[in-house]
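Working through the structure, step by step
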Amino acid sequence: MSGTQLTVTLSGGGTDDARAVVRALEGTFGAPDELPADENATVHTATFADSEAGPATSDAASAERLSAPVTVTVQGTPEAVRRASDTLTRAFTARDDGVASGDQEQERQLLLVP
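Cut-offs applied
- Residues numbered from 1 in each chain as written.
- Predicted model: local features only at pLDDT ≥ 70, side-chain atom pairs only at ≥ 80, totals over all residues.
- Heavy atoms only, no water.
- Salt bridge = Lys/Arg side-chain N within 4 Å of Asp/Glu carboxyl O.
- Buried < 20%, exposed > 50% of the residue type's maximum accessible area, 1.4 Å probe, protein only.
- Helix = DSSP H or I, 4+ residues; strand = E, 2+ residues; numbered from the N terminus.
- Contact = heavy atoms within 4.5 Å.
- Pairing = 2+ DSSP bridges.
- Core = buried A, V, L, I, M, F, W, Y, C linked by side-chain atoms within 4.5 Å.
- Expected span 1.5 Å × (residues − 1).

**Quick look at the pattern of salt bridges**
- Counted under the stated rule, the structure contains seven salt bridges.
- Between Asp97 and Arg95 there is a salt bridge, with the nearest N and O atoms lying 2.7 Å from each other.
- Here Asp97 falls in the partly exposed class, since its relative accessible area comes to 33%.
- Arg108 is paired through a salt bridge with Asp96; the nearest N and O atoms lie 2.5 Å apart. Of the two residues, Arg108 sits in strand S5 (residues 106-113) while Asp96 sits in strand S4 (residues 93-101), which places them twelve residues apart along the sequence.
- Since its relative accessible area comes to 17%, Arg108 is described here as buried.
- Of the residues examined, Asp96 reaches a relative accessible area of 45% and is grouped as partly exposed.
- A single salt-bridge network, built from bridges that share partners, covers Asp16, Arg19 and Glu39.

Here it is in structure tokens:
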């Protein structure tokens, strides 16, 4: 099944932090539906249509710095969640806060710190 969706929910930090996290995922998943933009929001969401892009290309040397801790929840197929988690843990200092699995989807939460 191609075109699998990955949903990313971000809380903590500001809009610039949310954008940095979303941009880190673009090398793996392509462009999201839109970048976080609402400066007053406390939770940001981005959706990627996973076109089965190649392996993660983000690395810590090119990652933007975060101004505050950001909690990231990624939800999608197990493969998409694994690829997103791998990309984020290479790009940022991250703590894995757990995973929940369903029949066809998985959800993982990470805490990214500056």
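**As for the environment of Val22**
- Residue position: Val22 is located in helix H1 (residues 15-29).
- For Val22, the contacting residues outside a window of four places in its chain are Leu10, Pro32, Leu35, Pro36, Ala46 and Phe48.

**Observations regarding the pairing of S5**
- By the bridge criterion, seven bridges tie strand S3 (residues 70-76) to S5 in an arrangement that is antiparallel. Along S5, the bridge assignment pairs Val74 with Arg108.
- Of the pairings in the sheet, the one linking S4 to S5 comprises seven bridges and is antiparallel in character. Bridge pairing links Arg95 to Leu111 in S5.
- In this antiparallel pair of consecutive strands, S4 and S5, the connection spans four residues.

**Section: the nonpolar core**
- Leu6, Val72 and Leu88 are the most contacted members of the largest nonpolar core, which totals 24 residues.
- Residue assignment for this core shows that the elements contributing at least two residues are strand S1 (4-11), H1, strand S2 (43-50), S3, helix H2 (78-91) and S5.
- With seven residues, the top contributor of residues to this core is H1.
- Dropping the residues within four chain positions of it, Leu88 is found in contact with Val21, Ala24, Leu25, Val72, Val74, Leu110 and Leu112.

**Observations regarding H2**
- With 14 residues, H2 should reach 20 Å at 1.5 Å per residue; the first-to-last C-alpha distance of 20 Å fits that figure.
- Buried residues of H2: Ala80, Val81, Arg83, Ala84, Ser85, Thr87, Leu88 and Ala91, and no others.

All we've got here are geometric facts, nothing functional implied.
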